[in-house]
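Summary of the model geometry
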Amino acid sequence: MKNKTIAYAPASIGNVSLGFDVLGAALEPVDGTALGDVVEVQQADAFALHVAGPFAHKLPADENTNIVTHCYEHFIEACVKYGHATHPLAMTLHKNLPIGSGLGSSASSIVAAFHALNAHFDSPFKQDELLHMMGELEGQISGSIHYDNVAPCYLGGMTLMTGQSSPVTVALPLMENWYWAICYSGISVSTSAARDILPKTVDLPDALTFGRQLGVFVHALYANNEQLAASVMQDVIAEPYRKSLLPGFDEARAYSMEHGALAFGISGSGPTVFAVCRDQAQAQHIAAWLDNNYKQNEDGFSHVCRIPQAGVQQQQG
Ligand code: HSE
């Protein structure tokens, strides 16, 4: 048990266009920006949550409804259930990611919270046990349990969900030279609302396309075949419905593809979009255009990112 434990959890892209709810990737800006939430925990006489950071004011004022409070309650209940000793903690959430951005903002808070809690108590829970807790908490916010943000945020890289209880997720190889231009437009899209607008069933031709694309994509990553991988990065499940929520989406896609992007899509449930680029200069150019043209207000931003090997990271207290 430590005096103070601090965890940083990165932003992530859910779905990556072709893998609705089953594929996700962590994000790391190349300029060193810390694009992710930070949670600190420290022993205290009673539980308290302090919220700070650039997007703290967008969270509900009542800290009892904050997802980090729910993580704490869930974690302590699990400790009690399995006979692990606990004590009250004071927690601080540095809310660095915008809410409803499609960057895995809730997942980042959840992963940072669970990792800090587990590390503080000398790791009573294993990776998959924690992932189950993280998925459950993510489900409370978005209305359905999916791991495509919490898994890459926690473990890093690009991860594919197995649908098994263990392992929950497997790591995929990365295309070494891909750069990801991302742009958050500044508006907020609720994941649960963006899920509600989707049809409850998928037509047979779309189901066949989804399966073929995902299979070919995984093959192409292992074969290091960039063209083949990019050629199947299309979303037949959510994008046709969700793009109506995203002003300027079609123009942003058209510009990116005309200027050499290998693929373009919605990050998670949006409004953040991503363009997959072959090199950093191309990604810088597209990110700058998106910043000037896709951004809707001053809350928006763009970055050129890589997919980091590392997910959550413990920092010095
Ligand atoms: N797979 C989820 C969705 C990700 O698209 O609803 C949400 O960030």
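Bear in mind the structure is a predicted one, so any value in this text is a computation, not a measurement. (Residues numbered from 1 in each chain as written. Predicted model: local features only at pLDDT ≥ 70, side-chain atom pairs only at ≥ 80, totals over all residues. Heavy atoms only, no water.)

1. Overview of the UniProt feature "domain: GHMP kinase C-terminal" (unreviewed entry) in the protein chain
The feature "domain: GHMP kinase C-terminal" (unreviewed entry), as annotated in UniProt, sits at residues 220-295 in this numbering. The distance separating the terminal C-alpha atoms of residues 220-295 is 33 Å; by composition the span is 50% helix and 12% strand. (UniProt positions renumbered as here; feature names shortened; annotations may be inferred. Helix = DSSP H or I, 4+ residues; strand = E, 2+ residues; numbered from the N terminus.)

2. Observations regarding the nonpolar core
By size, the foremost hydrophobic cluster in this structure holds 42 residues, and its most contacted members are Val39, Val68, Phe75, Met91, Val111, Phe114 and Met134. Counting only elements with at least two residues in this core, the list comes to strand S1 (4-10), strand S5 (36-43), strand S6 (48-52), helix H1 (67-81), strand S7 (89-94), helix H2 (105-120), helix H3 (127-142) and helix H4 (150-155). Counting residues in each nonpolar core, the second largest holds 40 residues, with Ile13, Ala25, Leu174 and Tyr184 among its members. (Core = buried A, V, L, I, M, F, W, Y, C linked by side-chain atoms within 4.5 Å. Buried < 20%, exposed > 50% of the residue type's maximum accessible area, 1.4 Å probe, protein only.)

3. Considerations on a nonpolar patch on the surface
Together, Ile197, Tyr241 and Leu245 make up a nonpolar patch on the protein surface, roughly 240 Å² of accessible area in all. Residue position: Ile197 is located in the loop between helix H5 (191-196) and helix H6 (204-223). The exposure class assigned to Ile197 is partly exposed, which follows from its relative accessible area of 38%. (Patch = residues over 30% accessible without salt bridge, like charges linked within 9 Å, V, L, I, M, F, W, Y side chains within 5 Å. Areas by Shrake-Rupley, 256 points an atom, 1.4 Å probe, with all protein chains shown as cover. Salt bridge = Lys/Arg side-chain N within 4 Å of Asp/Glu carboxyl O.)

4. A word on the site of the ligand
Near the ligand the following residues occur: Asn15, Phe20, Asp21, His146, Asp148, Asn149, Thr191, Arg195, Arg242, Gly268 and Ser269. Between the ligand and the protein, one listed contact pairs an oxygen atom with a side-chain N or O atom of Asn15 at 2.7 Å. A distance of 2.9 Å is found between an oxygen atom of the ligand and a side-chain nitrogen or oxygen belonging to Asn149. Relative to its unbound accessible surface of 260 Å², the ligand loses 98% to contact with the protein. A per-class count over the shell around the ligand returns 1 nonpolar, 6 polar and 4 charged. (Near = heavy atom within 4 Å. Polar contact = N/O pair within 3.5 Å; in protein donor to acceptor, adjacent residues only side chain to side chain. Nonpolar A, V, L, I, M, F, W, Y, C, P; charged D, E, K, R; others polar.)

5. Let's talk about the packing of aromatic side chains
In total, this model carries 10 aromatic pairs according to the counting rule given. An angle of 25° between the planes, with centres 4.2 Å apart, marks the rings of Phe47 and Tyr72 as stacked. With a gap of 25 residues between them, Phe47 in the loop between S5 and S6 and Tyr72 in helix H1 connect regions that are remote in the sequence. Summarising the aromatic geometry, the rings of Phe75 and Phe125 are spaced 5.5 Å apart at their centres and angled 80° between planes, so their arrangement reads as edge-to-face. Taken together, the residues span a long stretch of sequence, with Phe75 in helix H1 and Phe125 in the loop between H2 and H3 at a distance of 50 residues. Comparing Phe75 with Phe125 shows no difference in burial state: the two are buried. Grouping aromatic residues by their ring pairs yields a cluster made of Phe75, Tyr82, Phe114, Phe121 and Phe125. The side chain of Arg306 reaches across the aromatic face of Tyr179, ending 4.3 Å from its centre. (Phe/Tyr/Trp six-rings, centres within 6.5 Å; stacked < 30°, edge-to-face > 60°. Lys NZ or Arg CZ within 6 Å of the ring centre and 35° of its normal.)

6. Quick word on the state of the cysteines
Scanning the model with the defined rule gives 0 disulfides in all. Cys153 carries a free sulfur, and the closest cysteine sulfur to it, the one in Cys71, is 11 Å from it. The exposure class of Cys153 is buried, given its relative accessible area of 0%. With no disulfide of its own, Cys277 has Cys305 as its nearest cysteine by sulfur position, at a separation of 11 Å. Accessibility expressed as a relative area gives 0% for Cys277, which makes it buried. (Disulfide = S-S within 2.5 Å.)

7. Things to note about the environment of Leu49
Note on placement: Leu49 falls in strand S6. Judged by relative accessible area, Leu49 falls into the buried class, the value being 8%. Separated by 40 residues in the primary sequence, Leu49 and Leu89 place their C-alpha atoms 8.8 Å from one another. Those residues in contact with Leu49 that lie beyond four places of it in its chain are Glu63, Asn66, Val68, Thr69, Met91, Thr92 and Leu93. (Contact = heavy atoms within 4.5 Å.)

8. Points about the UniProt feature "domain: GHMP kinase N-terminal" (unreviewed entry) in the protein chain
In this structure's numbering, the residues bearing the UniProt feature "domain: GHMP kinase N-terminal" (unreviewed entry) are residues 66-157. Taken end to end, residues 66-157 is 58% helix and 7% strand, and its first and last C-alpha atoms sit 28 Å apart.

9. Considerations on the sheet that holds S6
Reading across from one edge, S6-S7-S5-S1-S14 is the order of the 5 strands in this open sheet, with mixed pairing throughout. On the outer flanks of this sheet lie S6 and strand S14 (313-315), each paired with one strand and no other. For this sheet, the mean angle separating the axes of adjacent strands, direction not counted, is 20°. As paired strands, S1 and S14 are joined by 3 bridges and run antiparallel to one another. By the bridge assignment for S14, Tyr8 is matched with Gln313. H1 contacts S5, S6 and S7 of the sheet and is inclined by roughly 145° relative to S7. H2 rests against S1, S5, S7 and S14 of the sheet, and its axis sits at about 30° to S5. (Pairing = 2+ DSSP bridges. Axes fitted to C-alpha atoms, helices over the stretch in contact; angles between N-to-C directions.)

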